[in-house]
Amino acid sequence: MKFENILDDINGFGRFQIMIIVISFIGRFTLPCHFMLNNFIAAVPSHHCDISYLDDGGIFSNLTQTERLVVSIPVQDDGTFSSCRMFEEPQYHLLLNSSNVTGLNTVPCQNGWVYDNSTFTSTLTSQWDLVCDRRGKNKATATIFFVGVMLGAISFGSLSDRFGRRIMLLVSYVSGTLFAVASAFSSSYVMFVVLRFFTGFCLTGIVIVSAVLSVEWVDVEHRKLVGVADSLSWTFGNMVFAAIAYLVTDWRWLILAVTSPITLALVTWRWMPESARWLIANGKLEEAQMYLKKCAKMNRTQGSIDTLKTETLATVVESEKSDRIYSYLDLIRTPKMRKLALCTGILWFCVAMIFYGISFNITGFGLNIYLTQFTYAAIEVPSKGSIYYLLDKIGRRVTVVGAMLLAGVCLGINIVVPKGMSTVRTVVAVFGKGFSSAAFATIVLYSSELYPTVVRQNGMGYISSMARLGVAVAPLILLLDDVWGELPQLVLCSVALLGAIVAHRLSETRNRCLAETIEDIEQQW
């Protein structure tokens, strides 16, 4: 007997499943805010060298602020004042002829920087002067956070397969909240990045556990709906985040603001059920029976309760021992599982790098960052709405391949569009973000369908870690613009094409029952 047969008897998509989706939605809302947080807390305001120390009561003190800048800071080719260098000595002759700069010696900023606080009251950049030769530290804050997410995905994937989905979801809620709040009170850069590492490590449990819980409780027909609904929680969070960031311009308060919704998730956790699939796979038949009866009662299919006997549940997993403990090694023990793990790992790495490579570049096109953030999020609504239709019409595999190819095309177009055409470049980037978002939404559902129940959480933990590795690399890819302005776009375009090729190697899961054991994979893939 398959678990889907049991779900059919008690209604595989009723009020019980809707409750799970709503609870997951609440918990996942804060995740995109934290994942995109660096766009705002590490934003780089306009800045220039602090020249106040040059005021010795002489000529300098009688100059206006603009005149002080003219005699102290060199002008760049685009007509703006340099952000990182200043004249070795004030050049008063520039007040008469500002173009006579031949042979003038410049030096790095000698006494810190002055920042424009009109957009942001305070950022990590202005807090710890993460500019100029410290620019890499600024980008490193996002990379370190996602390294934590990557390692957390591995850990929570294994732990939730061993101890259960529900308890590990609670652990993720509590620990993620504590570390996030603590990071808002950091007194040094090192303290902040350490706490952000652990914040990412703990919060990632919410992502993989809630996604698997939702999929494991619904029937085949409604899996795509659950996948899209979970993905839309991400979109909703990103759209609201643009408004929150606009209203909260201090980085410490912004962290607290986007973390606060987890308190509501903690309250609703008490109604989150354990995965009956996991309970059966691990021999906990009485507990699985209890949750299935709750599901039948809430879905008003009480007539089927009498059929939910432990003897019946024991037949769901027959070919493997129910008391066996599975690990990540089981992902590579058998040939077809190895192929599945390799392909899904590479695909998640590619999709995540594309998605976040575009998302992190909200200042790269010269438009308002809040509007860009909101537009990047809003484009996900039609893209995810379209995949809801496409998943059944053309299947999971073709949807991912097509989305990755189109994202690559958009990235390729922006390589040849001149930088002066900022509006055109932004529009193309928005479409690229939409296609990458469609790919991301599809592979979350697709991957949860590809892995068997006994190692599904391990599989999701592994591929989620590969995704976070891609995300961690994305900010570093953007630093390649120092070598050549369009090099980041070229790298991302190439990665998108690689992802499309790898996705083509996966099997289709449309209208198929979820695999329960590794033997199922070896027989059907």
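Read on for an overview of the structure. Keep in mind the model is a prediction, meaning the values are calculated, not measured. (Residues numbered from 1 in each chain as written. Predicted model: local features only at pLDDT ≥ 70, side-chain atom pairs only at ≥ 80, totals over all residues. Heavy atoms only, no water.)

**Some remarks on the overall build of the protein chain**
For the protein chain, the count of helices and strands is 23 helices and four strands. The C-alpha atoms of the protein chain give 26 Å as radius of gyration, which agrees with the globular expectation for 525 residues (24 Å, within 12%). Each of the three principal axes of the protein chain carries a C-alpha extent, and together these read 95 × 45 × 35 Å. When each of the 525 residues of the protein chain is scored for burial, the buried share is 56%. Looking at the protein chain alone, contacts between residues at least 24 apart form 80% of all its contacts between residues at least 6 apart. Carbon and sulfur atoms provide 62% of the accessible area of the protein chain, an area that totals close to 21200 Å². The distance from the centre of the 42 positive side-chain charges to the centre of the 40 negative ones in the protein chain is 7 Å. (Helix = DSSP H or I, 4+ residues; strand = E, 2+ residues; numbered from the N terminus. Rg over C-alpha atoms; globule rule 2.2 N^0.38 Å. Buried < 20%, exposed > 50% of the residue type's maximum accessible area, 1.4 Å probe, protein only. Contact = heavy atoms within 4.5 Å. Areas by Shrake-Rupley, 256 points an atom, 1.4 Å probe, with all protein chains shown as cover. Lys, Arg positive; Asp, Glu negative; His and termini not counted. Charge placed at Lys NZ, Arg CZ, Asp CG, Glu CD.)

**Overview of the environment of Tyr389**
Here Tyr389 is to be found in helix 18 (residues 380-393). Residues Tyr389 and Leu405, 16 residues apart in the sequence, show an inter-C-alpha distance of 19 Å.

**Quick look at empty space enclosed by the protein**
One pass over the full model with this rule turns up six cavities of 30 Å³ or more. Within this model, the largest cavity holds a volume of roughly 250 Å³. Taken together, 18 residues form the lining of the largest cavity, with Arg28, Ser231, Trp234, Phe440 and Val444 sitting closest to its centre. Of all the secondary structure elements, the ones that give two or more residues to the lining of the largest cavity are helix 9 (189-216), helix 10 (223-247), helix 16 (335-359), helix 20 (422-450) and helix 21 (456-478). (1 Å grid on protein atoms, 1.4 Å probe; cavity = no way out; pocket = protein on both sides within 12 Å on 5 of 7 lines; lining within 4 Å. Points joined across faces, edges and corners; volume = space filled by probe spheres on them.)

**Points about the nonpolar core**
Soluble globular proteins: nonpolar side chains tend toward being buried together. One finds Phe146, Trp217, Phe241, Leu254, Ile354, Tyr356 and Met404 to be the most contacted residues of the largest nonpolar core, which totals 124 residues. The element contributing the most residues to this core is helix 16, with 14 residues. If sequence neighbours within four positions are ignored, Phe241 has contacts with Cys33, Met36, Leu37, Phe40, Leu254, Val258 and Gln373. (Core = buried A, V, L, I, M, F, W, Y, C linked by side-chain atoms within 4.5 Å.)

**What to know about helix 7 (residues 135-163)**
A rise of 1.5 Å per residue sets the reference length of helix 7, with its 29 residues, at 42 Å; its end C-alpha atoms lie 42 Å apart and thus fit the reference within 8%. Maximum bend of helix 7: about 30 degrees, positioned at Thr141. The first or second residue beyond helix 7 is Gly164, which carries a positive phi of 115 degrees. (Expected span 1.5 Å × (residues − 1). Bend = angle between axes of the 7 residues up to and from the residue.)

**Comments concerning the packing of aromatic side chains**
Taken as a whole and judged by the stated rule, the model has 24 aromatic pairs. A centroid spacing of 5.7 Å and a plane angle of 85 degrees characterise the contact between Phe35 and Phe145, whose relative ring orientation is edge-to-face. Of the two residues, Phe35 is situated in helix 3 (residues 30-35) and Phe145 in helix 7; the sequence distance between them amounts to 110 residues. The two residues Phe35 and Phe145 agree in class, both being buried. Aromatic rings pair up to connect Phe35, Phe145, Phe146, Trp234, Trp348, Phe355, Tyr356 and Phe440 into one cluster. (Phe/Tyr/Trp six-rings, centres within 6.5 Å; stacked < 30°, edge-to-face > 60°.)

**Section: unusual backbone geometry**
You will see that Asn11, though not glycine, has its phi angle at about 75 degrees, which is positive. By the element assignment, Asn11 lies in the loop between helix 1 (3-10) and helix 2 (15-28). Positive phi is not limited to glycine here, since Arg300 has a value of about 60 degrees. Tracing the sequence through the fold places Arg300 in the loop between helix 14 (285-298) and helix 15 (310-313).

**Some points on the packing of helix 10 against helix 11 (residues 251-259)**
Running from amino to carboxyl end, helix 10 crosses helix 11 at an angle of 145 degrees, the nearest separation of the two axes being 10 Å. The two elements helix 10 and helix 11 meet at a crossing, and its hand is right-handed. In this structure, helix 10 contributes Phe241, Ile244 and Ala245 to the contact, and helix 11 contributes Leu254, Ala257 and Val258. Taken together, the residues of the contact of helix 10 with helix 11 sort by class into six nonpolar, no polar and no charged. (Axes fitted to C-alpha atoms, helices over the stretch in contact; angles between N-to-C directions. Left-handed = near helix turned anticlockwise from the far one by under 90°. Nonpolar A, V, L, I, M, F, W, Y, C, P; charged D, E, K, R; others polar.)

**What to know about a nonpolar patch on the surface**
Taken together, the side chains of Ile59, Tyr92, Leu95 and Leu96 present a nonpolar region at the surface, about 430 Å² in accessible area. Mapped onto the elements of the fold, Leu96 is located in the loop between strand 2 (85-87) and strand 3 (106-108). (Patch = residues over 30% accessible without salt bridge, like charges linked within 9 Å, V, L, I, M, F, W, Y side chains within 5 Å. Salt bridge = Lys/Arg side-chain N within 4 Å of Asp/Glu carboxyl O.)

**A look at the state of the cysteines**
Taken as a whole and assessed by the stated rule, the structure comprises two disulfides. A disulfide bridge connects Cys49 with Cys109, and the sulfur atoms are separated by 1.9 Å. Judged by the sign of its S-S torsion, about -70 degrees, the bond between Cys49 and Cys109 is left-handed. A residue pair is termed long-range when its members are at least 10 positions apart, and Cys49 in strand 1 (residues 47-49) and Cys109 in the loop between strand 3 and strand 4 (113-115) qualify at 60 residues. A relative accessible area of 0% means that Cys49 is categorised as buried. At a sulfur-sulfur separation of 2.0 Å, the disulfide partner of Cys84 is Cys132. Linking Cys84 and Cys132, the disulfide has an S-S dihedral of approximately -95 degrees and is accordingly described as left-handed. One end of the pair, Cys84, is in the loop between helix 5 (65-72) and strand 2; the other, Cys132, is in the loop between helix 6 (124-128) and helix 7, with 48 residues separating them in the sequence. Accessibility expressed as a relative area gives 29% for Cys84, which makes it partly exposed. With its bonded cysteines labelled in order along the sequence, the protein chain shows the pairing 1-3, 2-4. With no disulfide of its own, Cys33 lies closest to Cys202 among cysteine sulfurs, the gap being 18 Å. (Disulfide = S-S within 2.5 Å.)

**Observations concerning the side chain of Arg165**
Its place among the elements puts Arg165 in helix 8 (residues 165-183). One polar contact links the side chain of Arg165 to the main-chain carbonyl oxygen of Ser160, over a distance of 3.4 Å. Look past the residues within four positions of Arg165 in its chain and what remains in contact with it is Ser160, Val209, Val212, Leu213, Glu216, Glu274, Ser275, Trp278, Thr453, Arg456 and Gln457. (Polar contact = N/O pair within 3.5 Å; in protein donor to acceptor, adjacent residues only side chain to side chain.)

**Remarks on the environment of Asp55**
If you trace the backbone, Asp55 turns up in the loop between strand 1 and helix 5. Expressed as a C-alpha distance, the spacing of Asp55 and Leu203, which sit 148 residues apart in the sequence, is 49 Å. Every residue in contact with Asp55, bar those within four places of it in the chain, is listed here: Phe60, Ser61 and Arg68.

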